[in-house]
Amino acid sequence: QVQLVESGGGLVQAGGSLRLSCATSGRTFSNYVMAWFRQAPGKEREFVAVNWSGISPYYADSVKGRFTISRDNAKNTVRLQMNSLKPEDTAVYYCAATPSATYVSARIWSKYDYWGQGTQVTVSS
């Protein structure tokens with residue numbers, strides 16, 4: 001079993017920055033594919049970014065160049081640095097983990113076995 005706990009959400013003005021963190025416990029963190037998804041009210045859960053140990057991360061086109069996903073295997077933590085935030089980035093952000101994923105399957109939320117409780121990010125215009 002893997003437990004995921006997100007933190008770092010909040011309210012920020014457009015153009016600002018936030019950093020989300022996801023602390024994990026349970027199985028060996030470095031073995032897992034870690035990702036961030038988000039869900040805005042009335043919309044489906046949306047892929048944001050994914051990180052594999054030792055492999056280049058992958059981003060949704062909507063956040064590429066603005067968001068950076070990183071992981072610290074020593075601290076069992078994955079982070080999402082969000083810069084140049086836009087009102088359309090407003091959503092609940094979820095951390096997710098799965099034992100394995102390809103570049104294609106990593107974008108599918110149902111691929112993931114473990115989820116955090118989510119953290120709200122609100123970007124005001």
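The structure this text deals with has already been given above.
Keep in mind it's a predicted model, so treat the numbers as computed, not measured.

Engineer: Describe the overall build of the protein, with residues and values.
Structural biologist: The helix and strand inventory of the protein stands at zero helices and eleven strands. Over its C-alpha trace the protein gives a radius of gyration of 13 Å, about what one expects of a compact globule, namely 14 Å for 125 residues. Its C-alpha atoms put the protein at 40 × 25 × 25 Å along the principal axes. When each of the 125 residues of the protein is scored for burial, the buried share is 45%. When contacts within the protein are restricted to residue pairs at least 6 apart in sequence, those whose partners lie at least 24 apart make up 60%.

Engineer: Could you give me a rundown of the nonpolar core, with the residues and numbers involved?
Structural biologist: Judged by nonpolar contacts, the single largest core of 39 residues is most densely connected at Met34, Trp36, Leu80, Met82 and Tyr93. Elements represented by at least two residues in this core include exactly strand S1 (2-7), strand S3 (18-26), strand S4 (33-39), strand S5 (46-52), strand S7 (67-72), strand S8 (77-82), strand S9 (91-98) and strand S11 (119-124).

Engineer: Outline the state of the cysteines, supporting the account with residue identities and numerical values.
Structural biologist: What we call a disulfide is simply a covalent bond connecting the sulfur atoms of a pair of cysteines. This structure, assessed with the given rule, holds one disulfide. The disulfide partner of cysteine 22 is cysteine 95, and the gap between their sulfur atoms is 2.1 Å. Between cysteine 22 and cysteine 95 the disulfide shows an S-S torsion of about -80°. By sign, it is left-handed. Taken together, the positions of cysteine 22 in strand S3 and cysteine 95 in strand S9 put the pair 73 residues apart, joining distant regions of the chain. Like cysteine 22, the residue cysteine 95 is buried in the burial classification.

Engineer: With reference to specific residues and values, describe unusual backbone geometry.
Structural biologist: At asparagine 76, a residue that is not glycine, the phi angle is positive and equals roughly 50°. For asparagine 76, a relative accessible area of 27% gives the class partly exposed. In this model, serine 84 sits at a positive phi of 50°, which is unusual for a non-glycine residue. Topologically, serine 84 is positioned in the loop between S8 and S9. Residue classification places serine 84 among the partly exposed positions, given a relative accessible area of 41%.

The rules we used
Residues numbered from 1 in each chain as written. Predicted model: local features only at pLDDT ≥ 70, side-chain atom pairs only at ≥ 80, totals over all residues. Heavy atoms only, no water. Helix = DSSP H or I, 4+ residues; strand = E, 2+ residues; numbered from the N terminus. Rg over C-alpha atoms; globule rule 2.2 N^0.38 Å. Buried < 20%, exposed > 50% of the residue type's maximum accessible area, 1.4 Å probe, protein only. Contact = heavy atoms within 4.5 Å. Core = buried A, V, L, I, M, F, W, Y, C linked by side-chain atoms within 4.5 Å. Disulfide = S-S within 2.5 Å.

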